[in-house]
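# Reading the structure
Take a look at the letters that make up each chain.
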Amino acid sequence: MNPKKWVFILVLPFLFFRFCSSIDTITPTKPIKDGNLLVSSGETFALGFFSPGNSSRRYVGIWYNKISEQTIVWVANRDDPINETTGVLSFNQNGNLEIYDNTRNLPVWDTNITAGSYSARLLDSGNLVLFQGDSGSGGVVWQSFDHPTNTMLPNMKLGLDRTTGREWFLTTWKSRDDPGTGEYSYRVEPSELPQLVMLKGSTRVWRIPTWLARHSSDKPEVTPSFIFNSTYVNNRDEVYTFYTLINVLNVAIVFVDELGSLKMVTWVGRWVEFYSLPKDQCDDYKWCGVYGYCDSNNGREFECTCLPGYEPRSAEEWYLRDASSGCIKKREALSMCGNGEGFVKVASAKIPDTSKAHVQMSLSVNECKAECLRNCSCLAFTSEAEGGVRANCFTWHENLMDVRRFPNGGLDLYVRVDAVELAQRMESRGLNGKMVAAVVTSVVLTSVLIIALVCWLVMKKRRRGKDIQESDDENVELPIFDMVTIAGATNNFSETNKIGEGGFGSVYKAWKLWIDGKASELIDPLMEGSFSMSTVLRCIQIGLLCVQKCPEDRPSMSSVVSMLISDTVVLAQPKQPGFYIDRSPNETQERSPTQSCPSINEVTISHLDGR
């Protein structure tokens, strides 16, 4: 055989394979019928007819060509399916790409452009592009990236062209078997400070302030930076966001599901979800109502709290864990305009709904604060600035809605409060500091006293043993005094005769006033108002518990610490002190002077037991 023919036969399969794999373009003479595929030049994406899920209806869509699980990223005739496999995707006489149903003999979808096109090419980005001119010399006249469905691919815009009014947004499928336009849409809401919102019809479901999305390093719901980068553009002509893959070999997409959730998934032999919204109830729009904020990590049963200076509009509803009615000012009649008002910080916050927020550029934090303070309608502010650096200043002049707190990240939100609220907050911070200092001081001093007492007892025990051993052969009487002698020596436990200044008198008195219900008389009048009465009485009760007669009844130091730092620990009623001798009036009157002591010679004998 001719050698040239051998070469041709050997090369023909490769030429045929190359020809088949390079069919990425539709022309007026090369339509796509049901059963045929259009494959991008890098074989990343394919376009053709498909039936979703368990449906038998036919749609034209784009999907990943090399992924085993068919994943549809765009649908042309999503609201006009074909019931048979008789559809054709081709150019009509007006130069529009259209889907024609041969069973019904009518078109069900077209690109709806006025400038005629001559070719349509599926790019390796997943974008179907219509060109004007045989080689695309006339430029792009239509592209599928301008008409997204439920999926956002890398480099696809989500936002608004302010000059043309064209909007790029995602809409959910009706169901897994029906790619028709669903009731949820995910879009950029343009304003001075744009935000990403999920809408159900025209109602907000949840939102993401673009500040949080733009500053991914401080973003509370951090998307893995090793997968993709997000970019936000906001200028006079356009406002939009898009993302790019860090590693072009990765496959990752963003889509909205039928329930209104945003999903971010990556392919690792299967689709793995690495980010989703909403995550919890705090993500739901206005979950805690106007002037309320949500904190799912607040350690309480109910995640909603009113912003500083506000209180629940309906205490009954909040008790039932319904915060939809929101909060109102605590003191409506008290002006916050040049009347000593100020700001209270809510740290690590998802800033309020930005649809009505105002932005001023190149201001420091102090300048931003002053700007808000001088405007009586300004209710709150936040700033991107740190230290003395100048940056964007955001202010709110209407209802503060949809605020939440994060464990970290977000921005510090400063809420305007009246003078009374400001003073109470400052006083509360001061008292808290005093109480902490008092508890710490008490614990330290008590520990030192215990250590000293233990050391003294050990030394005393050693000394006593030594003394007993040395005087074993001697009969030494210890001087023991009876109660009459002690009472006489102390002038009946007079305050002026306290032993060491101290003695039995004051405790006798930390006991008589307690059992008579008059313990509050112990408080120094100068200290009144510094602490709550319940706190003082609790401290007195703890002190009495520590000096009870039986050592077994006295609390341990760990228990004392728990009693001091926690109001939830229930305290027992103290028993009489160890050195308190109770006498009834009748007993005192009936006894004669000679009967006041059980000893005939007013001397008592003590029996010594070694410890």
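My aim in this report is to walk through the structure given alongside it, one point at a time. Throughout, residues of each chain are indexed from 1 in the direction in which the sequence is written. pLDDT decides what is reported in this predicted model: residues at 70 or higher carry local features, side-chain atom pairs at 80 or more are listed and counted, and totals for whole chains, interfaces and linings draw on all residues regardless. Remark: hydrogens and water are excluded; side-chain values derive from all non-hydrogen atoms of the structure.

## Comments concerning the overall build of the protein chain
- Helix and strand counts for the protein chain come out as eleven helices and 34 strands.
- Counting across all 611 residues of the protein chain, residues that qualify as buried make up 39%.
- A total of about 35100 Å² of accessible surface is found on the protein chain, and carbon and sulfur atoms cover 54% of it. A run of H or I in DSSP becomes a helix once it reaches four residues, and a run of E becomes a strand once it reaches two; helices and strands are each numbered from the N terminus. For every residue, the accessible area (1.4 Å probe, protein chains only) is compared with the maximum for its type, and the residue is labelled buried under 20%, exposed over 50%, or partly exposed between those bounds. With residues, only the protein chains shown are counted as cover, and all accessible areas are computed by Shrake-Rupley using a 1.4 Å probe.

## A closer look at a nonpolar patch on the surface
- Candidate patch residues must exceed 30% relative accessible area and have no salt bridge, after which like charges are joined if within 9 Å and Val, Leu, Ile, Met, Phe, Trp or Tyr side chains if within 5 Å. When a carboxyl oxygen of Asp or Glu lies within 4 Å of a side-chain nitrogen of Lys or Arg, that pair is called a salt bridge. A cluster of nonpolar side chains, namely Ile450, Val454 and Val458, defines an oily patch on the protein surface of about 200 Å² accessible area.
- With respect to the helices and strands, the residue Val458 is situated in helix 5 (residues 419-470).
- Note on Val458: relative accessible area 36%, which makes it partly exposed.

## Regarding the state of the cysteines
- Count a disulfide wherever a pair of cysteine sulfur atoms falls within 2.5 Å. Summed over the entire model, instances satisfying the criterion amount to six disulfides.
- There is a disulfide in this structure between Cys337 and Cys376, and the S-S distance comes to 1.8 Å. An S-S torsion of about 50 degrees defines the bridge between Cys337 and Cys376 as right-handed. Of the two residues, Cys337 is situated in the loop between strand 28 (327-329) and strand 29 (342-350) and Cys376 in the loop between helix 4 (365-374) and strand 31 (380-383); the sequence distance between them amounts to 39 residues.
- Judged by its relative accessible area of 38%, Cys337 is partly exposed.
- Here Cys368 connects covalently by a disulfide to Cys393, the sulfurs 2.0 Å from one another. Residues Cys368 and Cys393 share a disulfide whose torsion about the S-S bond is about 70 degrees; that sign makes it right-handed. With Cys368 in helix 4 and Cys393 in strand 32 (residues 391-396), this residue pair connects regions lying 25 residues apart in the sequence. Neither residue differs from the other here; Cys368 and Cys393 are each classed as buried.
- The connectivity of the disulfides in the protein chain is 1-3, 2-4, 5-6, 7-10, 8-12, 9-11, where the numbers refer to bonded cysteines in sequence order.

## Regarding the packing of aromatic side chains
- Any pair of Phe, Tyr and Trp rings, taking the six-membered ring for Trp, is counted once the centres come within 6.5 Å. Such a pair is stacked with planes under 30 degrees apart, edge-to-face with planes over 60 apart, and tilted for the rest. The full count for this structure, using the stated rule, is 17 aromatic pairs.
- For the ring pair Tyr64 and Trp271, a centre distance of 6.1 Å and an interplane angle of 55 degrees mean the geometry is tilted. Of the two residues, Tyr64 sits in strand 5 (residues 59-64) while Trp271 sits in strand 24 (residues 271-277), which places them 207 residues apart along the sequence.
- Take Trp271: its relative accessible area is 17%, and that puts it in the buried class.
- Taken together, the ring pairs in this structure connect Phe45, Tyr64, Trp267 and Trp271 into an aromatic cluster.
- Over the aromatic face of Tyr240 sits the side chain of Lys157, whose NZ or CZ is 4.4 Å from the ring centroid.
- In this arrangement the basic side chain of Arg187 is found over the ring face of Phe169, its NZ or CZ atom lying 3.9 Å from the centre. Look at NZ for Lys and CZ for Arg. If either is within 6 Å of the ring centre and within 35 degrees of the ring normal, a charge sits over the ring.

## Concerning the pairing of strand 20 (residues 228-234)
- Sheet analysis places strand 20 next to strand 21 (residues 238-245), joined by seven bridges and oriented antiparallel. Within the sheet, the bridge partner assigned to Thr231 lies in strand 21 and is Phe242.
- The loop that links strand 20 with its antiparallel partner strand 21 comprises three residues. Think of it this way: DSSP has to see at least two bridges between two strands before they count as a pair.

## Considerations on the sheet that holds strand 16 (residues 170-175)
- An order of 16-17-18-19 is seen for the four strands of this open sheet, with the pairing classed as antiparallel. The sheet terminates laterally at strand 16 and strand 19 (203-209), the two strands that pair on one side only. Averaged over all adjacent pairs, the angle separating strand axes in this sheet is 25 degrees, with direction ignored.
- In terms of strand pairing, strand 16 meets strand 17 (residues 178-189) through four bridges, oriented antiparallel. Bridged to Ser175 within strand 17 is Asp178. Think of each axis as a best-fit line through the C-alpha atoms, taken over the contacting stretch in the case of a helix, with angles from 0 to 180 degrees between the N-to-C directions.

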